[in-house]
Amino acid sequence: MLDTPHPTPADPTTDCRALAKALSGLHFVGGRYVPARSGKTFAVVNPATGEEVARAAEGDAADVDAAVQDAARAQKEWAKVPARKRGALVHQCAALLKAHQEELSRLIALETGKALRTESRVEAGVVADVFEFFGGLGSELKGESVPFAPNVLSVTVREPLGVVGAIIPWNVPLLLMALKIAPALVAGNTVVVKSAEEAPLTVLRICELMNRILPPGCFNMLSGFGPECGAPLVTHPKVRKVTFTGSVETGKIVAKAAADKLVPVTLELGGKSPMIVFADCDFEKTVAGAITSMRFTRQGQSCTAASRIYVERPIFEAFVAEMKKAVDAMVMGDPLDEKTDIGTIISEGQFEKVQGFIEEGKRTAGATAHECSAMPTDPALKKGLFLRPVIFTGLDGNSRLVREEIFGPVTVIQPFDDAEAVLAEANDSEYGLAASLWTNNLKVGLDLAHRLEAGLVQINQNLVVQANLSYGGVKSSGLGKEASLEAMLEHFTHKKTIMVNMA
């Protein structure tokens, strides 16, 4: 079934560089590898070394049309497959991805700069879990019996929408792709994914692996840039649902384009997540939780990163000191080295953006920049996009570092004295994705949890997205939910009413 112009290494493989080269210049459409119709490619760069590790196919409207047409043809037959059978096939995909977990871990570390031990293996494992979870939900595509009249049988059924266009980001591309395509496929839709230009390789490999099990055309993968490839996917007349994760600015463009076609859209658009720490917390657990919450191992490149930390004044100084000590102990280095805790920033553009925020913070009167960890000393990494994590104190609530999403290893810690005042500060944001509270007084914690303006609030923990827990924000953080049965039913099916007059 596969038609690739390049030799592939042993299967599965731990030689991520050989695999990257084998995937060069290719989309995956209609059950096979194909080059871009224009023949164009663009560089995929290892951000830890600056080396070009592959070329990605540069898709355009012609590639999009070919993929969507294939997906539309496949969807008619895929929708006829019984829902539990669709789920079983997706479940088989999960098992295959587990068998390739180390391969996928190394490839994603190579192209994104995320540390293998602390980040990439975790993501590759979670992606298989997501497919496993949704694979078991085929039998939940149920309708209802509606008591309309004694002589009328009235029922509802759940039907797929058709072709789903999915646009994914670069920070956790495997997980965020899985959250979109797993429920879409089980619900009877087919999918065309546009990968992030910074991280197109591992998702392409996943697509090929899953196509060993799924019928051709059900799952298609394109790479390219937003205006030339993403926009034609959103506006294609046969795409009947759009799901997007990315920036607020691009999300608004996607929403407007979907509105012009009157098709549903799911948007996950980032955040500025507050972490509120009370003096009665479990101190050591909370400091460790702050490290996890800030996603320092991912260089802070997370929409749920705790980039605003509010600490009750009696423990403020001790908390800052202990947090800096903990981050100082983390090792920054080669993402593929097992000793590495912290990898790199994804790209030069993102690196410059984050540096700009850091320099602005350093210039602010009264602010202190606590720089943590240490730059790698390996000469092979001298061109790498490594950035020391920074903890800022002394910034007020009007600072851009407090109000805007940085998407880098930068957090601001501020003291507070009053629960109502800190709640008001936490809610004073255009974002509303996630938040966490750290206290042993669960009465206070639950009260504030109900009043925080966020789609996901955690008390005494800050886990990443988990299958079976509804995930999605309010305000500028987006529209719709992911990761749950609700997401599959409400965002990837429509409800049809059928009435039978038996009089």
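On a predicted model such as this, the values are computed, not experimentally measured, just so you know. (Residues numbered from 1 in each chain as written. Predicted model: local features only at pLDDT ≥ 70, side-chain atom pairs only at ≥ 80, totals over all residues. Heavy atoms only, no water.)

Novice: Hey, could you run me through the overall build of the chain in this one?
Specialist: On a plain count of helices and strands, the chain comes out with 16 helices and 19 strands. Here the chain has a C-alpha radius of gyration of 23 Å; the compact-globule value for 503 residues is 23 Å, and the two agree. Counting only C-alpha atoms and orienting by the principal axes, one finds that the chain spans roughly 75 × 65 × 40 Å. Classification of the 503 residues of the chain by burial places 57% in the buried group. Per element, the accessible surface of the chain, about 19500 Å² overall, is 54% carbon and sulfur. For the chain, the separation between the mean place of its 52 positive charges and that of its 59 negative charges on side chains is 5 Å. (Helix = DSSP H or I, 4+ residues; strand = E, 2+ residues; numbered from the N terminus. Rg over C-alpha atoms; globule rule 2.2 N^0.38 Å. Buried < 20%, exposed > 50% of the residue type's maximum accessible area, 1.4 Å probe, protein only. Areas by Shrake-Rupley, 256 points an atom, 1.4 Å probe, with all protein chains shown as cover. Lys, Arg positive; Asp, Glu negative; His and termini not counted. Charge placed at Lys NZ, Arg CZ, Asp CG, Glu CD.)

Novice: What is the right way to read the nonpolar core from this model?
Specialist: In summary, soluble globular proteins display a tendency toward joint burial of nonpolar side chains. With 80 residues, the main nonpolar core has F131, M177, V193, M210, L214, F219 and M221 as its most contacted residues. It is helix 6 (residues 173–186) that provides the largest number of residues to this core, a total of 11 residues. Counting residues in each nonpolar core, the second largest holds 29 residues, with F357, I358, L387 and I406 among its members. (Core = buried A, V, L, I, M, F, W, Y, C linked by side-chain atoms within 4.5 Å.)

Novice: I'm lost on the sheet that holds strand 15 (residues 410–416) in this one. Help?
Specialist: What holds strands together in a sheet is hydrogen bonding between their backbones, with the strands either parallel or antiparallel. What the seven strands build is an open sheet, ordered 13-14-15-12-11-16-17; its pairing is mixed. Two strands lie at the open edges of the sheet, namely strand 13 (368–371) and strand 17 (456–459), each paired on one side alone. Neighbouring strand axes in the sheet, compared pairwise and without regard to direction, differ in orientation by 20° on average. Summarising the sheet, strand 16 (residues 434–438) and strand 17 pair through four bridges and their orientation is parallel. (Pairing = 2+ DSSP bridges. Axes fitted to C-alpha atoms, helices over the stretch in contact; angles between N-to-C directions.)

Novice: How should the state of the cysteines be read in this particular structure?
Specialist: In a disulfide, the sulfur atoms of two cysteines are covalently bonded to one another. One pass over the full model with this rule turns up zero disulfides. C93 supplies the cysteine sulfur nearest to C207, a cysteine that is in no disulfide, at a spacing of 10 Å. The exposure class assigned to C207 is buried, which follows from its relative accessible area of 0%. Among the cysteines around C372, which has no disulfide bond, C281 carries the closest sulfur, lying 19 Å off. (Disulfide = S-S within 2.5 Å.)

Novice: Just checking my understanding: could you explain a nonpolar patch on the surface for this structure?
Specialist: Taken together, L153, I498, V500 and M502 make up a surface patch of nonpolar side chains, about 340 Å² in accessible area. Tracing the backbone through its elements, the reader meets L153 in strand 5 (residues 152–160). (Patch = residues over 30% accessible without salt bridge, like charges linked within 9 Å, V, L, I, M, F, W, Y side chains within 5 Å. Salt bridge = Lys/Arg side-chain N within 4 Å of Asp/Glu carboxyl O.)

Novice: What's the story with the side chain of R158 in this structure? I'm lost.
Specialist: Secondary-structure assignment places R158 in strand 5. Of note is the side chain of R158, whose polar atom sits 3.0 Å from the backbone oxygen of L489. A distance of 3.2 Å separates the side chain of R158 from the side chain of E490, its partner in a polar contact. (Polar contact = N/O pair within 3.5 Å; in protein donor to acceptor, adjacent residues only side chain to side chain.)

Novice: Would you take a moment to explain the environment of R451 for this structure?
Specialist: Its location among the elements puts R451 in helix 15 (residues 442–451). Taking the C-alpha atoms as reference, R451 lies 40 Å from R86; in sequence the two are 365 residues apart. Within the structure, R451 has its side chain in polar contact with the side chain of D447 (distance 2.8 Å).

Novice: Explanation requested: the packing of helix 5 (residues 116–135) against helix 6 in the structure shown.
Specialist: Any two packed helices are characterised by the angle at which their axes cross and by the distance between the axes. Contact geometry for helix 5 and helix 6: axes closest at 9 Å, N-to-C directions at 10°. Viewed along their axes, helix 5 and helix 6 adopt a mutual orientation that is roughly parallel. On helix 6, the residues touching E123, A124, V126, V127, V130, F131, F134 and G135 of helix 5 are P173, L174, L175, A178, L179, I181, A182, P183 and V186. Within the contact of helix 5 with helix 6, the residues separate by chemical class into 15 nonpolar, one polar and one charged. (Parallel < 35°, antiparallel > 145°, perpendicular 65-115°, else oblique. Contact = heavy atoms within 4.5 Å. Nonpolar A, V, L, I, M, F, W, Y, C, P; charged D, E, K, R; others polar.)

Novice: I tried to follow the pairing of strand 12 (residues 308–312) on my own but got confused; where do I start?
Specialist: In the case of a regular strand, side chains alternate between the two sheet surfaces. A large share of strand 12 lies buried, amounting to five of its five residues. Residues of strand 12 alternate between two faces, with R308, Y310 and E312 on one and I309 and V311 on the opposite face, all of them buried. Across four bridges, the pairing between strand 11 (residues 274–277) and strand 12 is parallel. Each bridged residue has a counterpart across the sheet, and for P274 the counterpart in strand 12 is R308. This β-α-β element, strand 11 to helix 10 (residues 283–293) to strand 12, shows right-handed connectivity. (Right-handed = clockwise from strand over helix to strand, strands pointing away.)

Novice: Before we go on, may I ask you to explain the packing of aromatic side chains in this structure?
Specialist: Centre distance and the angle of the planes are the two values used to describe a pair of aromatic rings. With the rule as written, the count across this model stands at six aromatic pairs. Ring centres of F133 and F134 lie 4.9 Å apart, and the angle between their planes is 70°; on these two criteria the pair is classed as edge-to-face. Over the face of the ring belonging to F492 we find K241, whose NZ or CZ atom lies 5.3 Å from the ring centre. (Phe/Tyr/Trp six-rings, centres within 6.5 Å; stacked < 30°, edge-to-face > 60°. Lys NZ or Arg CZ within 6 Å of the ring centre and 35° of its normal.)

Novice: What exactly am I supposed to notice about helix 7 (residues 201–210) here?
Specialist: Helical geometry note: an α-helix holds 3.6 residues per turn, so side chains three or four residues apart project in the same direction. When you tally the buried positions in helix 7, you get 10 out of 10 residues, the bulk of the element. Within helix 7, burial applies to L201, T202, V203, L204, R205, I206, C207, E208, L209 and M210.

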